[in-house]
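Report on the structure
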Amino acid sequence: MSIPGGVRQEIPFLDLGAVNSAHRTGLENAFKRVLEGGWYIMGRELAAFEEEFAAYCGARHAIGVGNGLDALHLILRAYGIGAGDEVIVPANTYIATWLAVSYAGATPVPVEPDAATCNLDPALIEAAVTPRTKAIMAVHLYGQPADMDRINEVAARHGLKVIEDAAQAHGARYKGRRAGSLGDAAGFSFYPGKNLGALGDGGAVTTDDGALAEQIRVLRNYGSKVKYYNDVKGFNSRLDELQAALLREKLTTLDGDNRHRAEMASLYLSRLQESGVVLPVVPDWAEPVWHLFVVRSKRRDELQQHLSRCGVGTVIHYPIPPHLQPAYAELELGEGCFPRTESIHREVLSLPMGPTLTTDDVGYVCDAINNFYSESR
Ligand SMILES: *Cc1c(COP(=O)(O)O)cnc(C)c1O
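The structure reproduced in this document is the subject of the present report.

Basis of the calculations
What you see as residue numbers is a count from 1 along each chain, following the sequence as written. For a predicted model such as this one, the threshold for reporting local features is a pLDDT of at least 70, and the threshold for listing and counting side-chain atom pairs is 80 or more; totals across whole chains, interfaces and linings nevertheless cover every residue. Heavy atoms from the whole structure form the basis of all side-chain values; hydrogens and water molecules are not counted. Whether two strands pair depends on DSSP finding at least two bridges between them. Note on conventions: DSSP H or I runs of at least 4 residues are helices, E runs of at least 2 residues are strands, and numbering of each starts at the N terminus. Only C-alpha atoms enter the line fits that serve as axes; for helices the fit covers just the stretch in contact. Angles between N-to-C directions range over 0 to 180 degrees. Here, residues are in contact when the closest pair of their heavy atoms is within 4.5 Å. Every case where a carboxyl oxygen of Asp or Glu lies within 4 Å of a side-chain nitrogen of Lys or Arg is listed as a salt bridge. Buried means the residue's accessible area, taken with a 1.4 Å probe over protein chains only, is under 20% of the maximum for its type, while exposed means over 50%, and partly exposed covers the values in between. Each residue is tested against the molecule or strand, and it is near if at least one of its non-hydrogen atoms lies within 4 Å. In the analysis that follows, any N or O atom pair within 3.5 Å is treated as a polar contact, provided that within protein one partner can donate a hydrogen and the other can accept it, and provided that, for residues neighboring in sequence, both atoms belong to side chains. In these tables, accessible area is a Shrake-Rupley quantity obtained with a 1.4 Å probe, and a residue counts as shielded only by the protein chains included in the view. We place a 1 Å grid over just the protein atoms. Points where a 1.4 Å probe fits but has no way out form a cavity, open points with protein on both sides within 12 Å along at least 5 of 7 lines form a pocket, and any residue with an atom within 4 Å of a point lines it. Each molecule is assigned to a cavity or pocket provided more than half of its atoms lie within 2 Å of the corresponding grid points. Nonpolar residues are Ala, Val, Leu, Ile, Met, Phe, Trp, Tyr, Cys and Pro. Charged residues are Asp, Glu, Lys and Arg, and all others, Gly as well, are polar. Here, the term right-handed applies to a crossover whose path from the first strand over the helix to the second runs clockwise when the strands point away from the viewer.

**Observations concerning the sheet that holds strand β2 (residues 86-90)**
Sheet architecture is open: seven strands sit in the order β1-β9-β8-β5-β4-β2-β3, paired in mixed fashion. Each edge of the open sheet is held by one strand with a lone partner, namely β1 (61-65) and β3 (107-111). Averaged over all neighbouring strand pairs, the angle between strand axes comes to 25 degrees, with direction disregarded. Bridging between strand β8 (residues 185-189) and strand β9 (residues 203-207) involves five bridges; their strand directions are antiparallel. Among the inter-strand pairings, Phe188 is bridged to a residue of β9, identified as Ala204. Against the sheet, helix α3 (residues 44-57) contacts β1, β8 and β9, and its axis sits at roughly 130 degrees relative to β1. Strands in contact with helix α5 (residues 95-104) are β2, β3, β4 (133-139) and β5 (161-165); relative to β2, the strand with the most contacts, it is inclined by about 170 degrees.

Shown next as structure tokens:
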């Protein structure tokens, strides 16, 4: 197969070294501040980051925690959701959404996505509600906000909490409002590859609910408000001073980075219009942040091999849905239980995307995809 333009380029799926090198001076200053400050856990950097991130999301409170999974888990714990309870989760998500429910001791109840947006289908939620249902976990998958008004409506009818899994959606807007302010509480991840990524693990909860915020502050720090006085059996899940300081620096360019992703996404959308791939659908109320640019193809594996030969890095998010993972064998949900989810997993391919991706890169990737289809037409 020919390589477009005859020149082989190397376009990585995501170049984190380049992303963070763009912040070299700011990150080094942040590191020095923490090094010389001599205080490494639960200090000024964390307090400042929490304030800045809450303001960014349009939420009253932000609480830094160890990672995104803990953020979701601690929200459920703080609401007292546990053994005997059910939580509605998307069938089509990263397994962490489900694991948070399992760690709390509750049971994840999967619901199929909308076939076009790949996010939780609000029309299918009600049928999954039982007297044990306590909450709906809505994921803004790939950085595309879920249809929150309709999800909140169903929740209100049944007295359920709505928890956003915003791990892929820092800055995304739904009808003008930011992810992290669209439900009762939200969990964020600052895993290095996320739109707001630390240089290690990190996470946060955002909420307008002061009592919930207080409870999460207690749970993340051994269940204690006053050092060595423990009210409940808590956890050790804190966002450390160093990561908080680095995140404060990176938060300053998040909007610019997200705008760049959006420009690259619209370029992909126009250049791939006539290709054979199915393109992401953006409802008119959504302002996605393009954590991932995910196309679909019935010939996904061949396309991925072709792109790899052209020097283009791609990733499959995700190859196996949670209900078919051995980890969830206990639910006895076999092949065929969630056909929309299963076909998504067979067809999706994430193209290169990130703040350092260039117009030329996108042009090269699109040429490679268009060649793949024209040669085999
Ligand atoms: C990354 C991610 C998480 C978990 O975040 P960690 O920081 O890796 O624990 C949860 N949900 C979704 C949808 C994610 O993409």
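**Section: the pattern of salt bridges**
Opposite charge on two side chains makes pairing possible when the charged atoms of those side chains draw close. In total, this model carries 20 salt bridges according to the counting rule given. Linking Lys134 and Asp85 is a salt bridge whose minimum nitrogen-to-oxygen distance equals 3.0 Å. Here Lys134 is found in strand β4, whereas its partner Asp85 is found in the loop between α4 (68-78) and β2, with 49 residues between them in sequence. Here Asp85 falls in the buried class, since its relative accessible area comes to 10%. Glu302 is the partner of Arg299 in a salt bridge, and the nearest nitrogen-oxygen pair spans 3.0 Å. With relative accessibility at 40%, the residue Glu302 sits in the partly exposed group. Within the structure, one salt-bridge network assembled from shared partners comprises Arg33, Glu45, Glu52 and Arg248.

**Points about the site of the ligand**
Surrounding the ligand, one finds Asn67, Gly68, Leu69, Tyr94, Ala96, Val139, Asp165, Ala167, Gln168, Ser189, Lys194 and Gly202. At 2.8 Å, a side-chain N or O of Gln168 approaches an oxygen atom of the ligand. For the ligand, an oxygen atom lies 2.6 Å from a polar atom in the side chain of Ser189. In isolation the ligand has 380 Å² of accessible area, and contact with the protein removes 91% of it. In this structure, the ligand is accommodated by the largest pocket. Tallied by class, the residues present in the shell around the ligand amount to five nonpolar, five polar and two charged.

**Re the pairing of β2**
The element β2 is largely enclosed, with a buried count of five among its five residues. Alternating residues of β2 divide into Glu86, Ile88 and Pro90 and Val87 and Val89, and every residue in both groups is buried. Pairing of β2 with β3 involves five bridges; the strand directions are parallel. Counted as the bridge partner of Val89 is Pro110 from β3. Taking the sense of rotation as the criterion, the β-α-β connection linking β2, α5 and β3 turns out right-handed.

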